[in-house]
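Breakdown of the fold
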Amino acid sequence: MANATRLHAIRSRRVITPQGELDATIVIEDEIITAVHPNAHTDSRFSHLPTEDLGNLALLPGLIDAHTHINEPGRTEWEGFVTATRAAAAGGFTTVVDMPLNCLPETTSVSSLEIKREAAPGKALIDYALWGGCVDGNQQHLEPLARAGVPGYKSFLVYPGCDGFTSIDRANLERALPHIAATGLPLLVHAELDPPIEAAVRHLNATGADWRRHDTWLASRPDQAELDAIAMLIDLCRQYRFRLHIVHLSTAQALPMIAAAKREGLPLTVETCPHYLHLAAETIPDNGVLYKCAPPIRSESNRELLWQALIAGTIDLVATDHSPCPPELKRLTATQLGEEPGRFDEAWGGIASLSTALPVFWTEAISRGCTLSQLAQWFSAAPATLVGISAKVGSIEVGKYANLVAFDPDATFTVTPNVLHYRHKLSPYMGEQLLGSVRGTWLRGEPVFTRTEDIDVFAVTPRGREYLLSCLS
Ligand SMILES: [Zn+2]
């Protein structure tokens, strides 16, 4: 029979809903959750359904990563829709939002957006959306990008590492912001300013600093670079009333300023990343270029303040900033005669983390008394709101897509290349024992990833599709 409704159910003693943790059965009709039914009450309407019983495994809403670098088209040898979405599904994600800078062409106009759209179909295992770029001089493209369906924009206040995606200064930002405010979409900003960085690098080079040390990298990206940028952005947010989102906050020194801006009622949200919540500068080894990211990983005491701010709500959400590259760009070993490996100033910055973000986070969260409900808020509900897709995803509720994750919060495992499903198996977590294991991921009602013992199985047919967020008529 054509168009028959597919009706089935998933049962767990620990379903994480906005109302808290429930012993419940989720009824799924085609792609949608149509009932969240308490297991204590038997109901003859559901008893005949094919039901998968997860027992004590927790059932979480599909995670949403608002900060993924997919790099396709143009740098598919770094990553791509196939590998990034497999890695994401294995990490419990059902939606990723791609950054506009590492692909070629960069996503700074509707025509470049269309080129990316042509590269994606038939490859993505999970759903995705595509951020637009706000760069030096593309303000005339911002509203057309919104009409074409981007959920928001990304800007850099410092050099982003790719020549084709220009950083933007205050004067140019002020030309762009009226257009962004008109769309109602968020502007995500890499918040570091150049002058404190340039001064620090001049001093380090004048004093013969050793660039194979993480201390040197840390000193070259001082807290002040983030503080100056965030102060400027808050000022602009007050003036132009656009939705401001600070990506990958690293310095805890900015938290009082952010809390004050929120109290003032400014439309400001903030993310941090699992690596800032798990790692600390004190334990990063020399030549540890796998740990290189910008802003850098700071001190243990800084990390504790980030945790407090996340729990207090000053930081709204957690995003991976999954930013992979080929091994030669990490400069782990010398690839040419005379090259010095392990130099932080020469290695590509960025940590690939889609497959490990959830357990890296949970390993730390559990010792701070955090719950799975909080995890669902920071990794699913809050990013859904930022991206503008919370009507469809972000929680286990009737009417939403059956995007689900079976998670064993008590299991431990060791990070090996086998569990990293992105293209290049590089990770600062290699060999580390982590807490919490993703056992299965469902996209709109259908399984896309299953882990049985140590065997990872993926859906054969990629069903991932793009969220179109046309906000302007
Ligand atoms: Zn990034």
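**What about the nonpolar core?**
Membership of the largest hydrophobic core comes to 138 residues, with the highest contact counts inside it found for I26, L59, I126, I180 and V189. It is helix α13 (residues 372-387) that provides the largest number of residues to this core, a total of nine residues. Counting contributing residues per domain, this core is built from domain 1 (7-53) and domain 2 (62-394 + 411-432), each supplying no fewer than three. Apart from the residues within four sequence positions on either side, L59 is in contact with I10, S12, R14, V15, I16, I26, L54, I396, L404 and A406.

**Quick notes on the sheet that holds strand β7 (residues 93-98)**
With parallel pairing, three strands are arranged side by side in an open sheet as β6-β7-β8. Pairing within the sheet leaves two strands with one partner each, and these edge strands are β6 (63-68) and β8 (127-130). Between one strand and the next, the sheet's axes are offset by a mean angle of 20°, whatever the strand orientation. In the sheet, β6 pairs with β7 via four bridges, with the strands oriented parallel. Pairing of T68 across the sheet is with D98, part of β7.

**A short note on the environment of L332**
On the secondary structure map, L332 appears in the loop between β14 (317-318) and α12 (357-365). The spatial distance from the C-alpha of L332 to the C-alpha of G288 is 8.5 Å, given a sequence separation of 44 residues. When neighbours within four sequence positions are excluded, L332 is seen to be in contact with V289, P327 and P341.

**Here we look at the pairing of strand β12 (residues 243-246)**
Both faces of β12 are covered, namely the face carrying R243 and H245 and the face carrying L244 and I246. Sheet topology places strand β11 (residues 186-190) next to β12; four bridges connect them, and they run parallel. Across the sheet, the residue bridging to L188 is H245, located in β12. Pairing of β12 with strand β13 (residues 268-272), which is carried by three bridges, proceeds in the parallel orientation. If you follow L244 over to β13, its bridge partner there is L268.

**Quick look at the sheet that holds β12**
Read from one edge to the other, the open sheet built from six strands follows the order β9-β10-β11-β12-β13-β14, with strand pairing classed as parallel. Both outer strands of the open sheet, β9 (132-133) and β14, are each paired with one neighbouring strand and no more. Examined bridge by bridge, strand β10 (residues 153-156) and β11 share four bridges and lie parallel to one another. Bridge pairing in β11 links K154 to L188.

**Describing the domain arrangement of the protein**
The figure often quoted for interface size is the accessible area lost as the parts come together. Domain assignment breaks the protein into domain 1 (7-53) and domain 2 (62-394 + 411-432). If you average the C-alpha positions of domain 1 and of domain 2, the two centres end up 35 Å apart.

**Focus: the pairing of strand β18 (residues 455-458)**
As paired strands, strand β17 (residues 446-452) and β18 are joined by four bridges and run antiparallel to one another. Bridge pairing in β18 places R451 opposite D456. What sits between β17 and β18 in their antiparallel hairpin is a turn of two residues, with E453 showing a positive phi close to 50°.

**Remarks on unusual backbone geometry**
P73 follows E72 through a cis peptide bond whose omega is 0°. Of note, P73 is situated in the loop between β6 and α2 (81-90). Omega for the bond connecting A294 with P295 falls within 30 degrees of zero, at -5°, which places this linkage in the cis form. With respect to the element layout, P295 can be found in the loop between α10 (274-278) and α11 (300-312). Unlike most non-glycine residues, R241 shows phi in positive territory, near 55°. Structurally, R241 can be placed in the loop between α8 (223-240) and β12. Given 12 C-beta atoms within 10 Å, R241 falls into the exposed group. At E453, a position not held by glycine, the phi torsion is positive, near 50°. In this fold, E453 is placed in the loop between β17 and β18. Since 5 C-beta atoms lie within 10 Å of it, E453 is described here as exposed.

**Digging into α11**
An α-helical turn contains 3.6 residues, so any two residues separated by three or four positions project in the same direction. The end-to-end C-alpha distance of α11, which contains 13 residues, comes to 19 Å, matching closely the 18 Å that a straight helix rising 1.5 Å per residue would cover. Taken together, the buried positions of α11 are R303, L306, A309 and L310. Angular distribution of buried residues about the axis of α11 spans 120°; they occupy a single face of the element. Within α11, the exposed residues directed more than 90 degrees away from the buried face are E300, S301 and A312. Residues of α11 that are buried sit in contact with α9 (255-263), β13, α10 and α13. Phi turns positive, to about 95°, at G313, one or two residues after α11.

Cut-offs applied
- Residues numbered from 1 in each chain as written.
- Predicted model: local features only at pLDDT ≥ 70, side-chain atom pairs only at ≥ 80, totals over all residues.
- Core = buried A, V, L, I, M, F, W, Y, C linked by C-beta atoms within 7 Å.
- Buried ≥ 20, exposed ≤ 12 C-beta atoms within 10 Å, placed from the backbone.
- Helix = DSSP H or I, 4+ residues; strand = E, 2+ residues; numbered from the N terminus.
- Domains from an automatic or database assignment.
- Contact = placed C-beta atoms within 7 Å.
- Pairing = 2+ DSSP bridges.
- Axes fitted to C-alpha atoms, helices over the stretch in contact; angles between N-to-C directions.
- Expected span 1.5 Å × (residues − 1).
- Arc of directions from axis to C-beta.

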